[in-house]
Amino acid sequence: MSQEPRLVQGNEACAEGAIYAGMRFYAGYPITPSTEIAEILAKRLPQVGGKFIQMEDEIASMAAVIGASLTGAKSMTATSGPGFSLKQENIGYASMAEIPCVIVNVQRLGPSTGVATAPAQGDVMQARWGTHGDHPAIVVSPSSVRETFDLTVRAFNLAEKFRVPVIILMDEVVGHMREKVTLPEPGDLPIFNRVKPDCDRESYYPYRAQENEAPPMALFGEGYRFHVTGLFHDESGFATEKPDIVARQLRRLHHKISYNLDQVISYESQQTENAELVVIAYGGTYRAVARAVKLARAAGLKVGTFRPQTIWPFPEEAVSSLAQAGKKLLVVEMNYGQLLLEVQRVAGGRCGVYSCLQADGELTKPETILNKIREVY
Amino acid sequence: MLPEIEQYFRLEKLPHMWCPGCGNGIILHCLVKAIDKLCLDQDQTSIVSGIGCAARASGYLDFDTLHTTHGRALAFATGVKLAKPELNVFVLTGDGDCTAIGGNHFIHAARRNINLTTIVFNNNIYGMTGGQYSPMTPNASRATTSPYGNLERPFNLAELAIAAGATFVGRASTYHTKLLTDLIIEGYRNKGFSLIEVITHCPTSFGRQNKMGSPADMLKWQRDHGVTALRYDNLTPEERVGKFVVGVLHKDEAPEYTAEYQKLVEKFLGR
């Protein structure tokens, strides 16, 4: 028996999706336009036996999320641009120490305090390279309320499977939008829980794994008495500076994602086969693109859409084949050209790459996009 | 090493990397003695540390150990403790770690009265980075970043903790080892946030710059300058200069955060 359709906000779908995925620990610091996620979870988590805490700052929130995850709780925090910047050091820690967790960034217009309630997509590169060092990143970006729910569940599954911090890169449009949706019943969506060691304490190496996988994860309080650090470490978890071990660890951090791209990457494309021009967009911007493309098709223009749900790793193969087929690519985003760089890189000069960029706190209008389509078609 | 405390160390990680004469080993000894006297389940005990000399202690101890980012030990520990309140959580942090970059986490952990036993290794200096002044470096003391004497005034960490709401505050030094062990035991038994400040000697980075002599001389300095509250009260203002009070400085009762949250959860779960 499915649930009744109801009017749900994007931020609410994120909170409910997290609970559906089994999230039972949230630590955060209030910041617009992400606050509803915290407010809803403050109410909901104790109802399902989970814990909510409003920490003293963004850095502490990210730290608490990592600490909680080590005890076995699926953990999450939510923030917006300035707060996301503050979390970066500990996001790097989660990446290094392989602690599963989910970080939601409902983007706002920046730089700096910017415009608190204005939609923007300026954190694409921050989500990829915000923390120091060379690390992999998994970043998903939903375009609708229902998809926010589904991608939040997926973010937890990826975090738990690969033992990584996963970033949900939303924007104000999706976060604050309300849509009539039917949320899934328990069992409708797959839930992945982290793999735990099946050996005894003496034979447990907390970071022993094949090159393309995450190691099984023991939890604090289970008797394994293991060590966790943000320093480069060997299989035993203890710090090392030996170049071969350092190199192997960093390689594995990358390979556990790059060797499993088929499990990580997801995207949606429409009417690309017979298209002369493919419009690439993600998040809230895609909604205006969908309208513009519909108008373009009605006017006889052969236009399709490509929408990455995982921004990082970028769906390189799929975009590459569009470039190979010689289709013109038009990137629409609410910034001065961030994912555009990636599309240009992948296209490698094999096709025309154009852009429709806007960063003024307004959602790009379908007419603006349609005009651009006509211009470059 | 005494046989009765061997079980608490990862012996294969020793010898430690601290400088000859460092006081940190003394604090670790007192910590594991306290844990032994408390008969804590080693598998149910976590040690969380930040960054710096003191923070490296977690690697030597045979528990679930978490070596975190600079200043954030208490924030990580808050996540561990709130998510799994049945764990015993000790936080080991240095004066630079805890009072500068981690200052905000410190006052808020105290305010929440979350059940963490926090031991601050106060050696008055940033040791691992090579002797820069910390918020606990005494005024006029030398550090590599205060070559003309420290112009800043130090925190009184214990008073800060009390003002912020900590329900147990004690101070000892690496000279006062029996007292330190007792304070850790009492701090652990307190249902709430406990601070144990330990004045420890850093002969390499602090002592050398301030001409405090050998490690033994620095221990003697602690002996001569650390006084009990009762004795301190009887000293004249002149005699008090340079002295620090050791012992239990504050005890109070207040609702403990994780227990309060658990009550809320249980209300919803209908227990």
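Residues numbered from 1 in each chain as written. Chains lettered and ligands numbered in written order. Predicted model: local features only at pLDDT ≥ 70, side-chain atom pairs only at ≥ 80, totals over all residues. Heavy atoms only, no water.

## What to know about the overall build of chain B
Of the regular secondary structure elements, chain B holds twelve helices and ten strands. Computed over its C-alpha atoms, the radius of gyration of chain B comes to 18 Å, within 12% of the 18 Å expected for a compact globule of 271 residues. If you line up chain B on its principal axes, its C-alpha atoms span 65 × 45 × 30 Å. Partitioning the intrachain contacts of chain B with sequence separation of at least 6 by distance along the chain shows that 68% fall at a separation of at least 24. Accessible surface computed for chain B: about 11200 Å², of which carbon and sulfur atoms make up 55%. Here chain B carries 27 positive and 26 negative side-chain charges, and the mean point of each set is 4 Å from the other. (Helix = DSSP H or I, 4+ residues; strand = E, 2+ residues; numbered from the N terminus. Rg over C-alpha atoms; globule rule 2.2 N^0.38 Å. Contact = heavy atoms within 4.5 Å. Areas by Shrake-Rupley, 256 points an atom, 1.4 Å probe, with all protein chains shown as cover. Lys, Arg positive; Asp, Glu negative; His and termini not counted. Charge placed at Lys NZ, Arg CZ, Asp CG, Glu CD.)

## Digging into the overall build of chain A
When its secondary structure is counted, chain A shows 13 helices and 15 strands. Against the 2.2 N^0.38 benchmark of 21 Å for 377 residues, chain A shows a C-alpha radius of gyration of 21 Å, consistent with a compact globule. If one aligns the C-alpha atoms of chain A with their principal axes, the spans along those axes are about 70 × 45 × 45 Å. Out of the 377 residues in chain A, the part that is buried amounts to 62%. A fraction of 79% describes how many contacts in chain A between residues 6 or more apart in sequence connect residues 24 or more apart. When the accessible surface of chain A is totalled, it reaches about 14000 Å², and 49% of it is carbon and sulfur. Within chain A, one finds 38 positive and 42 negative side-chain charges whose respective centroids are separated by 3 Å. (Buried < 20%, exposed > 50% of the residue type's maximum accessible area, 1.4 Å probe, protein only.)

## Let's talk about the interface of chain A and chain B
On the side of chain B, 40 residues touch chain A, which itself brings 41 residues to the contact. For the pairing of chain A and chain B, the buried interface totals around 3300 Å² over both sides, and the portion due to carbon and sulfur atoms is 58%. Here chain A and chain B share four salt bridges between them. Broken down by secondary-structure element, the contributors of at least two residues to the side of chain A that touches chain B are helix H2 (35-47), strand S3 (51-54), helix H3 (58-70), helix H4 (81-97) and strand S9 (227-229) of chain A. (Buried area = accessible area lost by both parts, 1.4 Å probe. Salt bridge = Lys/Arg side-chain N within 4 Å of Asp/Glu carboxyl O.)

## Quick notes on the UniProt feature "domain: Thiamine pyrophosphate enzyme TPP-binding" (unreviewed entry) in chain B
Residues annotated by UniProt as "domain: Thiamine pyrophosphate enzyme TPP-binding" (unreviewed entry) correspond here to residues 53-198 of chain B. Helix makes up 34% of residues 53-198 of chain B and strand 22%, and the two end C-alpha atoms of the span are 14 Å apart. (UniProt positions renumbered as here; feature names shortened; annotations may be inferred.)

## With respect to the sheet that holds strand S13 (residues 310-312) of chain A
Residue and element names in this part refer to chain A. The strand order across the open sheet formed by seven strands is S3-S2-S4-S5-S7-S6-S13, and the pairing between neighbours is mixed. The open sheet has two edge strands with one neighbour each: S3 and S13. Going from strand to strand, the sheet's axes swing by 25 degrees on average, the running direction of each strand aside. Both strand S6 (residues 138-140) and S13 contribute to a ladder of two bridges, which runs antiparallel. Of the residues in S13, the one forming a bridge with valine 140 is threonine 310. Each of strand S4 (74-79), strand S5 (101-107) and strand S7 (165-171) is contacted by H4, which is oriented at about 160 degrees to S5, the strand it contacts most. (Pairing = 2+ DSSP bridges. Axes fitted to C-alpha atoms, helices over the stretch in contact; angles between N-to-C directions.)

## Points about unusual backbone geometry
At the junction of threonine 32 of chain A and proline 33 of chain A, the peptide bond is cis and its omega measures out at 0 degrees in the coordinates. Inspection of the secondary structure assignment puts proline 33 of chain A in the loop between strand S2 (23-28) and H2. A cis amide bond links tryptophan 312 of chain A to the next residue, proline 313 of chain A, at an omega of -5 degrees. Among the secondary structure elements, proline 313 of chain A is positioned in the loop between S13 and helix H11 (316-324). Here glutamine 271 of chain A, not a glycine, exhibits a phi torsion of approximately 50 degrees, which is positive. With respect to the element layout, glutamine 271 of chain A can be found in the loop between strand S10 (267-270) and strand S11 (277-280). Among the residues examined, glutamine 271 of chain A registers a relative accessible area of 42% and is labelled partly exposed. Within the chain, asparagine 124 of chain B stands out as a residue other than glycine whose phi angle is a positive 65 degrees.

## Notes on the environment of threonine 228 of chain B
All names here are of chain B. Of note, threonine 228 is situated in strand S9 (residues 226-228). The spacing of threonine 228 and valine 248 is 20 residues in sequence and 8.9 Å in space, taken between C-alpha atoms. Those residues in contact with threonine 228 that lie beyond four places of it in its chain are Val245 and Val246.

## Some words on the nonpolar core
Core analysis: the biggest nonpolar cluster contains 129 residues, and Tyr26, Leu41, Met76, Val104 and Val228 of chain A have the highest contact counts within it. A per-element tally of this core places helix H6 (residues 145-162) of chain A first, with nine residues. Ranked by size, the runner-up nonpolar core spans 33 residues in total, among them Leu28, Ala34, Ile47 and Leu183 of chain B. (Core = buried A, V, L, I, M, F, W, Y, C linked by side-chain atoms within 4.5 Å.)

## A closer look at helix H13 (residues 366-376) of chain A
Residue and element names in this part refer to chain A. Every buried residue of H13 is listed here: Pro366, Ile369, Leu370, Ile373 and Val376. For H13, the angular spread of the buried residues around the axis is 140 degrees, confining them to a single face. Buried positions along H13 lie against S11, helix H10 (285-298), strand S12 (303-308), strand S14 (328-333) and strand S15 (353-357). (Arc of directions from axis to C-beta.)

## A short note on the pattern of salt bridges
Evaluation of the coordinates by the stated rule reveals 26 salt bridges over all chains. Arginine 225 of chain A is the salt-bridge partner of aspartate 62 of chain B, the closest N and O atoms lying 3.0 Å from each other. Here aspartate 62 of chain B is found in the loop between strand S1 (45-49) and strand S2 (64-67), whereas its partner arginine 225 of chain A is found in the loop between strand S8 (178-181) and S9 on a different chain. Ionic pairing is found between arginine 307 of chain A and glutamate 268 of chain A, a salt bridge with its closest N-O pair at 3.3 Å. Within this pair, whereas arginine 307 of chain A is found in strand S12, its partner glutamate 268 of chain A is found in strand S10, the two being separated by 39 residues in sequence. For arginine 307 of chain A, a relative accessible area of 4% puts it in the buried group. In this structure, a network of salt bridges that share partners links the residues Arg201 and Arg225 of chain A together with Arg10, Asp43 and Asp62 of chain B.

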